[in-house]
Every structure is written in structure tokens, then in C-alpha cells.
Amino acid sequence: MSIKQDMPLLARHEGEWEGTYTVVDPEGKVTDRHRSHLTCSFPSDGSHDYYQVNRYTWDDGRTEEHRFPGRYLGGGRMAFDTERIKGETWELDDQAVYLHWIYRAEGQDLQLFELIVLSQDGRHRSRVWQWIRDGVCVQRTLIDEVRLDG
């Protein structure tokens, strides 16, 4: 089976998304906030099973862009293995996707656990990253997004 057949919830994320990333410390104090534009796709040319482009913009004019090709592993699991991150994702149910990954620059002792919840109408996503170092949460990233297309 294909990734879109085996991971139907992930397939529903295909498209353009805009939102806001808010980073908070363990006490809930905001340490960063920036806008985002994400493109989630399943390339038909076979170059990748899944492909995501994240574009970030801060109020001071800074920008970043990161590309995340995904490889379908089968059995409803997908892997990311780039210069920036390494991890796996899978669907928990018909609304929630789970990711477990590391930033390569930070090493294995900093792990990220992400939960993505898609609204029933497919127009909104809420995401939470928990940044865990040596078993302790050091920060959280809270993400609210809205679909731009379809």
C-alpha cells in the first residue's frame, strides 16, 4: 500500500498552512514567537514519499526555511532523516499524529515529542512540541495553524 492509503490522516494534512509558533519555558513564559508557512506534499514524481517545507518569519525581519523529505517505512510509519532532524511519525487515531525526533546539532540527549491534532473539517491544526533533555521538559512549542487552500 502507499503512504496516503496507510496514513490517511497524514494525507489530510497535504496543502499550505499558516500559523504562529510560540515557545515557552517550563514556567510558561514566552521566549520566542514567530509566524510560519508550511507546505506539506506527496510528490507525484517519486522523489520522496512525503515532503514538507517550513518557512519562518520573525517581526525583526529574520527568516528561515527548512526542508523535510519523509520516507515511508511501511506499516503506517514514516521517517525523517535530514541534516537537521532524525525521527519517526505515525498516526495515533483519526485526529492525532505523533512524532518523536531529535535535532542533530543538539545530540541524543534532547528529544522532541510532537502531537498534531487536525480539526474534523481539516481547516485547523494545533501542535505541541515538548523538548525533553535528560527526562526533564526544558521548553514547549505551541503551534496554531490554519489551512490556506482547499
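See the structure printed just above.
Presented here is an overview of the structure given in this document. Worth saying up front: this structure is predicted, and the values here are computed from it rather than measured.

**Regarding the sheet that holds strand β8 (residues 110-118)**
Taken in spatial order, the ten strands line up as β1-β2-β3-β4-β5-β6-β7-β8-β9-β10 and close into a barrel, and their pairing is antiparallel. Averaged over all neighbouring strand pairs, the angle between strand axes comes to 25 degrees, with direction disregarded. Across eight bridges, strand β3 (residues 50-57) lies against strand β4 (residues 63-74) in antiparallel orientation. Bridging across to β4, Val53 finds its partner in Arg67.

**A word on the packing of aromatic side chains**
Aromatic ring pairs are reported here in terms of the distance separating the ring centres and the angle at which the planes meet. Enumeration over the complete set of coordinates arrives at ten aromatic pairs. Residues Tyr21 and Tyr56 carry aromatic rings whose centres are separated by 5.0 Å and whose planes lie at 65 degrees to one another, so their mutual orientation is edge-to-face. Here Tyr21 is found in strand β1 (residues 15-24), whereas its partner Tyr56 is found in strand β3, with 35 residues between them in sequence. By relative accessible area, which is 6% here, Tyr56 ends up buried. Note on Tyr21 and Trp129: the rings are 5.7 Å apart at their centroids and 90 degrees apart in plane angle, and the pair reads as edge-to-face. Of this pair, Tyr21 sits in strand β1 while Trp129 sits in strand β9 (residues 124-133), and the two are 108 residues apart along the sequence. Of the residues examined, Tyr21 reaches a relative accessible area of 2% and is grouped as buried. On the basis of relative accessibility, which here comes to 6%, the residue Trp129 falls in the buried class. Taken together, the ring pairs in this structure connect Tyr21, Tyr56, Trp58, Trp101, Tyr103, Trp129 and Trp131 into an aromatic cluster.

Reading the values: rules and limits
Residues numbered from 1 in each chain as written. Predicted model: local features only at pLDDT ≥ 70, side-chain atom pairs only at ≥ 80, totals over all residues. Heavy atoms only, no water. Pairing = 2+ DSSP bridges. Helix = DSSP H or I, 4+ residues; strand = E, 2+ residues; numbered from the N terminus. Axes fitted to C-alpha atoms, helices over the stretch in contact; angles between N-to-C directions. Phe/Tyr/Trp six-rings, centres within 6.5 Å; stacked < 30°, edge-to-face > 60°. Buried < 20%, exposed > 50% of the residue type's maximum accessible area, 1.4 Å probe, protein only.

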